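# Coordinates in review
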Amino acid sequence: TQLLEQSPQFLSIQEGENLTVYCNSSSVFSSLQWYRQEPGEGPVLLVTVVTGGEVKKLKRLTFQFGDARKDSSLHITAAQPGDTGLYLCAGALYNTNAGKSTFGDGTTLTVKP
Amino acid sequence: GAGVSQTPSNKVTEKGKYVELRCDPISGHTALYWYRQSLGQGPEFLIYFQGTGAADDSGLPNDRFFAVRPEGSVSTLKIQRTERGDSAVYLCASSLSGGMGGSPLHFGNGTRLTVT
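Residues numbered from 1 in each chain as written. Chains lettered and ligands numbered in written order. Predicted model: local features only at pLDDT ≥ 70, side-chain atom pairs only at ≥ 80, totals over all residues. Heavy atoms only, no water.

### With respect to the side chain of A:Arg69
Residues and elements named next belong to chain A. Put simply, the rule is: Runs of E in the DSSP output that reach at least two residues are strands. Runs of H or I that reach at least four are helices, and both are numbered from the N terminus. Three labels apply to residues, based on accessible area from a 1.4 Å probe with only protein chains included: buried if under 20% of the type maximum, exposed if over 50%, partly exposed otherwise in between. In this tally Asp and Glu are treated as negative and Lys and Arg as positive; neither His nor the chain ends contributes. Definition used for salt bridges: Asp or Glu carboxyl oxygen within 4 Å of a side-chain nitrogen of Lys or Arg. Contacts are residue-level and defined by heavy atoms, with any inter-residue pair within 4.5 Å sufficient.
Residue position: Arg69 is located in the loop between β7 (61–65) and β8 (71–76). At 7.6 Å, Glu54 is the nearest oppositely charged side chain to Arg69, a buried residue that forms no salt bridge. Apart from the residues lying within four places of it in its own chain, the contact partners of Arg69 are Ser27, Val28, Phe29, Ser30, Val50, Thr51, Gly52 and Tyr94.

Quick look at the structure:
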């Protein structure tokens, strides 16, 4: 059983559409990160959220950490082909090293021009 | 500046052979992590170094896997008697500091290991 469940597993949309992907768990995390990974490359950190209910914006991307610190969402407005990639969430459990993250299996996003 | 460098980028080996994978972290980063990513899955934690010492090796799957960081910089992940199930991308990450309030992870592009 995955500690972090990401949904959907695959998402294919047209350029200009909006989308939301989810990261859910029954465990509480001290912090949660979102990464984007392209083929043949390592994950690149997009954002870290640490406070329950926190919302962070990065251009067209909006990240939210659930009030109970068990789940998170990533919303992309007006998606562009350059947003294509694997989106991974990762969490650090309480009293563990922040770099010892538990990753979900990701959402593969394809944005068609 | 230079990021995390991993060599080789690809490694094909026969079942039963020994392999070494190398990671050069970002200069000045004291914390170094190894992760393993199988096809269609997210990265899985293997081991964490703070300086020269392995602070947490709880993710190593068995005693065929071993990692060192003798001078607190470059790290080598060593796999003995490789098995086909070891095939995966091995990712290295470094951060300025580790611990509970550690700084963000910077990943390398990984070594794709294929065991035939």
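### So, the sheet that holds strand β3 (residues 19–24) of chain A
All names here are of chain A. The cut-off we apply is this: Strand pairing is assigned whenever DSSP identifies at least 2 bridges connecting the two strands. All axes here are fitted lines through C-alpha atoms, helices being fitted over the stretch that makes contact, and every angle between N-to-C directions spans 0 to 180 degrees.
Ordered by their spatial adjacency, 5 strands build an open sheet running β1-β3-β8-β7-β6, and the pairing between neighbours is antiparallel. The sheet is open, and its two edges are formed by β1 (5–7) and β6 (55–58), each paired on a single side. Taking each pair of neighbouring strands and ignoring which way they run, the sheet shows an average axis angle of 15°.

### As for the interface of chain B and chain A
So the rule is basically this: Accessible-area loss on putting two parts together, using a 1.4 Å probe and summing over both, is the definition of buried area adopted here. Whenever a nitrogen or oxygen atom comes within 3.5 Å of another N or O atom, the pair is scored as a polar contact, on the condition that within protein one atom can donate a hydrogen and the other can accept it, and that pairs from neighbouring residues in sequence are kept only if both atoms are in side chains.
Listed per partner, the contact involves 21 residues of chain B and 19 residues of chain A. For the pair chain B and chain A, the summed buried surface comes to about 1500 Å²; carbon and sulfur atoms form 54% of the total. In this assembly, chain B and chain A are joined by 1 salt bridge. The interface formed by chain B and chain A includes 7 residue pairs in polar contact (both at pLDDT 80 or more). Those elements that provide at least two residues to the side of chain B that touches chain A are β4 (31–37) and β5 (44–50) of chain B. The greatest single-element share of the side of chain B that touches chain A, amounting to 3 residues, is contributed by β4(B).

### Overview of the side chain of A:Gln37
Tracing the chain through its elements places A:Gln37 in strand β4 (residues 29–37). Residue A:Gln37 is classed as buried on the basis of its relative accessible area of 9%. If near-sequence neighbours (up to four positions away) are discounted, A:Gln37 is found in contact with A:Gly42, A:Pro43, A:Gly85, A:Leu86, A:Leu88, B:Gln37 and B:Leu91.

### Describing the environment of A:Leu46
Residues and elements named next belong to chain A. Among the structural elements, Leu46 can be located in strand β5 (residues 44–49). Judged by relative accessible area, Leu46 falls into the partly exposed class, the value being 23%. Sequence separation between Leu46 and Gln33 is 13 residues; the distance between their C-alpha atoms is 7.4 Å. Setting aside residues no more than four positions away along its own chain, Leu46 makes contact with Trp34, Tyr35, Arg36, Leu58, Leu61, Phe63 and Tyr87.

### Focus: the environment of A:Thr107
All names here are of chain A. Summarising the element assignment, Thr107 is placed in strand β11 (residues 107–112). For Thr107, a relative accessible area of 1% corresponds to the buried category. It is 7.2 Å that separates the C-alpha atoms of Thr107 and Val21, two residues lying 86 residues apart in sequence. When near neighbours in sequence (up to four residues on either side) are disregarded, Thr107 contacts Gln6, Ser7, Pro8, Gln9, Leu11, Val21, Gly85, Leu86 and Tyr87. Side-chain polar atoms of Thr107 contact the backbone oxygen of Pro8, separated by 2.6 Å.

Treat this as a map of the structure, not an account of what it does.
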